[in-house]
Structures are given as C-alpha cells and as structure tokens.
Amino acid sequence: MSFSILGLDAKILQAVTEAGYTEPTPIQSAAIPPIIAGHDLIGIAQTGTGKTAAFTLPMLTKLAQLPPGSRRGTKVLVLAPTRELVVQIEENIRAYAKHLPLTVATVFGGVGEHPQIRALRSGTDVVVACPGRLLDLMGQRAADFSQLKYLVLDEADRMLDMGFLPSIRRIVQQLPKVRQTLMFSATLSKEIESLTHEFQRAPKIIQIGRRANPAETVTQFVYEVPKHLKPALLLHLLNDPKMEMVLVFSRMKHAADRVARQLEQKGIRCATLHSNRSQNQRLKALKDFKSGAVRVLVATDIAARGIDVDGISHVINYDFPMHVEDYIHRIGRTGRANAIGDAISFVTNEDHSELRALERFIGRGIVRKKAEGFNYTAAAPAYNPAEEDSRLTRGHQQHRQQRPARPQSSGPSRHPQSGGPSRPQSSGQSRWRR
Ligand code: AMP
C-alpha cells in the first residue's frame, strides 16, 4: 500500500517521502483514514510500530486543511508519560510538518518553566506535554485550549501506571467538549476501556499485532556469574570490539552511576540515563550515545523505556530485570532495525526464580553461556563489591515494595518492520509469575 491513498496533505506526503518511508506500517494504514474522517480512535499498539506517525500525520493534515483565517491558538494537545517520549513526539511532528507553517511546543518538568509558559502563551498550534507540568502551567493560566480540536493520549497505559490519571482528568475537564480524542496504549485493559468511556465518543478500536516479539527474534544468552564478579565480567565483555553500541541495564539509579564510574575508571567512556539526572543531562546522554561519542549507555528501566535508538548492538542486563515486561522492553532495544542483536543477562544465585519465570513466560529456555577467557574463579573485583552487594540488596528490597512508575530520541529514523503475530497481553500476564 502507498501513503498516497490515505488522504494525507501533499506537503506532509512530501515530508514522509523525505523521511525515507516507502509504505505505511499496519497501524498507519488502519488509523489514518478514520482519524481524517473525524472519528475518535483507540489504537492498541506498541512503540516501534510507527504509531507516532499514525496519529501525527492525519492530525497535521487536518491542521493544514483549516481555512487560512482560523483563529490562533492551540489546536492539538498530545499527552505522553515521559520527557523523552515528549521530545521524541515533538521531533517527529517537526519532521512531518517541516513544509507547513505550524508551531510546536513541549512541556515537561525538570527544566525552567518560563520558556514553556512563553510558548503556551504565544498560542502554539501543537503542544506535546507531560501531564504533571502541564497541569501546573494551566494553574498559572499559561495555556489557552479554547480552540483545541484534537487530544491525543499516548502510552495511556503507562500514564495510568505512573499515577497520572488524576492530572489527566483535571486537564481534560478544562478542554472543549467537542473535540476528537485519540488514545494509544500497548494493552487494552479494563482501566483503558473505562478511560475510553470517560474521554471518548464511540471510538474505533484498532488493534495491531505486536511487533515480532523480541523474545523470539533477539539472540539471548544468560551468563551465570557470582554477584561480586559482575563488574569484572562486564568489563571483560566490553573489551570485545564487537560490542559496538551497548545498552547496559541496572535496576537502581545509584547502581547505574556506580557501574558507569567503574567503566570510566577502566577507560570505557559511557553515559548514564536515569531519573535522578537532569533533563539536559538525559538528553545529552542520549545524544552522545546515538552519535557514537560514547559506545556504552548505562540506564535504568524507567529512564530507558521506549527510547528509540537505532543500531544498538548489544543489551546487557547487568541486573536481571524484575518484571517480564521489563525484560521484553530491554531486549527489544536491540535488533530493532533488523540488525543482529544480542541480549546478555547476568544471572546470580538470587535471580534464578526470576529466570525460570521468564523462561516459562517466553515458552523456552535461554542458553547459558560462559564468557570466553573470563576467569570465574579468580576473585578479581577491582571495585568494592561488598558495598555494592549490600546497597543493591537494600535497594532491591525497597524497590520490590514500591514498584516505580515507568516511562522514553531523535526524529524519524528507519522503522523496524511492524506487524508480527498478534499476542494480546493483559496486564496480569505481563508480570512475573511466581
Ligand atoms: P514509533 O512506533 O512511532 O516509535 O516509530 C518507530 C520508528 O519507526 C520511528 O523511528 C519512526 O521514524 C519510524 N517509522 C514510522 N513510520 C514509518 C514508516 N512508514 N516506514 C518506515 N519507518 C517508519
């Protein structure tokens, strides 16, 4: 199928061609026509399926078709759970709207309010925002949504997980009742269904098969390793030149910092991504990683959720993930653009029950491997493992009690083929089974 039959504006089609897209992904073919026809829509699709363009392209088409004298003011509001996702959506919108005279602003916490307030007050056409900060700024009367026509709730399930529902409700209460509302979510849970009743009118439901499950397409290995040797094993693996672009996952923020410090001490430059870092630090970390200025990014699950970086050669689960969905998301970061990707999980004695639960979930065993040339018997920790162990254990227990909320790069890049077998996933199913 070609983009040209979907009813998109000619200038948007031109931008799509310039982005290198030759044909729409399944969610785009299914969602674009009903959105242009004015329907509310709920799209069940994951990141990586092309869902951002699925809602952006038709909305921009509708903005482009507004009569020239239409009143100024924000027409489109996109709500998304994390700053990274907000920036990613904004970059996509800018790329697709590059031949149109439209303005876009982003709103998220962790950076100064004033530029955001100025942008909102100028009546920017499209606002992409995290709910918390937007609500703050609406409280300061910075936003005028009286002309709003389109509301998008992206990653609605994640916004619910993160406790944003009360903020979203208060925002939506202040929007015009007559509007088109689009909602995207990775799963269609009861909570999402009740959200559609609350915010939408007779929505069309589009469910797109999951991308090929990374658990089936990415080469995965488990390295069993005593906890105190994890830093040395990581260093050993990173010395292999095939480890070109490596995303290392740790469970805790402080552990991510420590791992990065240890690597830097051994001359491996790396960046870190976690929620204690400022917005500018997070953006710089992603930029350095994408540009190849550093080849290792150490991240926590929350911060790395949904980031769209092409070309990651390896994912290393330095700490074994606590939830099956975290594992699937982590390893889905590699092999995304059909590159050959390897996912390596360090497994200590404490992780065996989680490993078994994961294997049950994905329906097969993961190959155990020994790292070639690594001395498993020599206790070679150049770092202070005792400190790491006790802090990790303490942190781990805390973490287990209060499962954190989760969250997400650059403009449009080449898309890993979407489609793949449909595998509806309830939220219960996606947790570890014990
Ligand atoms: P998303 O699911 O919105 O995060 O998109 C994932 C990636 O696919 C992004 O890098 C997009 O730029 C890219 N993409 C979106 N639509 C297409 C398309 N029709 N053809 C090729 N790549 C695409």
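See the structure printed just above.
This structure is a prediction, so every number in the text was calculated from the model and none was measured.

Definitions and limits used
- Residues numbered from 1 in each chain as written.
- Predicted model: local features only at pLDDT ≥ 70, side-chain atom pairs only at ≥ 80, totals over all residues.
- Heavy atoms only, no water.
- Helix = DSSP H or I, 4+ residues; strand = E, 2+ residues; numbered from the N terminus.
- Buried < 20%, exposed > 50% of the residue type's maximum accessible area, 1.4 Å probe, protein only.
- Phe/Tyr/Trp six-rings, centres within 6.5 Å; stacked < 30°, edge-to-face > 60°.
- Pairing = 2+ DSSP bridges.
- Axes fitted to C-alpha atoms, helices over the stretch in contact; angles between N-to-C directions.
- Contact = heavy atoms within 4.5 Å.
- Parallel < 35°, antiparallel > 145°, perpendicular 65-115°, else oblique.
- Left-handed = near helix turned anticlockwise from the far one by under 90°.
- Nonpolar A, V, L, I, M, F, W, Y, C, P; charged D, E, K, R; others polar.
- Salt bridge = Lys/Arg side-chain N within 4 Å of Asp/Glu carboxyl O.

Let's talk about the environment of Leu 283
- Considering the arrangement of structural elements, one finds Leu 283 in helix 13 (residues 279-291).
- A relative accessible area of 30% places Leu 283 in the partly exposed class.

Considering the packing of aromatic side chains
- Under the counting rule described, the total for this entry stands at 5 aromatic pairs.
- Ring centres of Tyr 318 and Phe 346 lie 5.8 Å apart, and the angle between their planes is 50°; this geometry places the pair in the tilted category. Of this pair, Tyr 318 sits in the loop between strand 12 (314-317) and helix 15 (324-331) while Phe 346 sits in strand 13 (residues 342-347), and the two are 28 residues apart along the sequence.
- When the ring of Phe 374 is compared with that of Tyr 376, the centres are 4.9 Å apart and the planes differ by 90°; the resulting orientation is edge-to-face.
- Looking at Phe 374, the relative accessible area reads 14%, which means it is buried.

Focus: the sheet that holds strand 9 (residues 246-249)
- Reading across the sheet, the 7 strands line up as 10-11-9-12-13-8-14 and stay open at both edges, with parallel pairing between neighbours. Two strands in the sheet have a free side with no partner beyond their single neighbour: strand 10 (270-273) and strand 14 (367-369). This sheet shows a mean twist of 25° between the axes of neighbouring strands, independent of strand direction.
- Along the sheet face, helix 11 (residues 230-238) touches strand 8 (219-224), strand 9, strand 11 (296-299), strand 12 and strand 13 and points at about 160° away from the line of strand 13.

Some remarks on unusual backbone geometry
- The phi dihedral of Glu 155 is positive, around 50°, even though this residue is not glycine.
- With respect to the element layout, Glu 155 can be found in the loop between strand 5 (150-153) and helix 7 (156-161).
- Its relative accessible area of 4% is what places Glu 155 among the buried residues.
- We note that Ala 202 has phi near 40°; this positive angle belongs to a residue other than glycine.

Topic: the packing of helix 2 (residues 26-36) against helix 3 (residues 51-64)
- Put simply, helix 2 and helix 3 touch, their axes get as near as 9 Å, and they point 25° apart. Taken together, helix 2 and helix 3 sit at an angle that is classed as roughly parallel. Between helix 2 and helix 3 lies a crossing of right-handed hand. On helix 3, the residues that touch Ile 27, Gln 28, Ala 31, Ile 32, Ile 35 and Ile 36 of helix 2 are Lys 51, Ala 53, Ala 54, Phe 55, Leu 57, Pro 58, Thr 61 and Lys 62.
- For the contact of helix 2 with helix 3, the per-class residue count stands at 10 nonpolar, 2 polar and 2 charged.

Observations regarding the pattern of salt bridges
- In this structure the tally under the stated criterion is 14 salt bridges.
- Notably, a salt bridge pairs Lys 227 with Glu 350, separated by 3.3 Å at the nearest N-O pair. Separated by 123 residues along the polypeptide, Lys 227 in the loop between strand 8 and helix 11 and Glu 350 in the loop between strand 13 and helix 16 (352-362) bring together distant segments of the chain.
- Residue classification places Lys 227 among the buried residues on the basis of a relative accessible area of 17%.
- Lys 242 is the partner of Asp 240 in a salt bridge, and the nearest nitrogen-oxygen pair spans 3.9 Å.
- Judged by relative accessible area, which is 30%, Asp 240 ranks as partly exposed.
- Classification of Lys 242 by relative accessible area gives exposed; the value is 58%.
- Each of the salt bridges in this network shares a partner with another, and the network as a whole consists of Lys 51, Asp 154, Glu 155 and Arg 158.

By themselves these figures say nothing about function.
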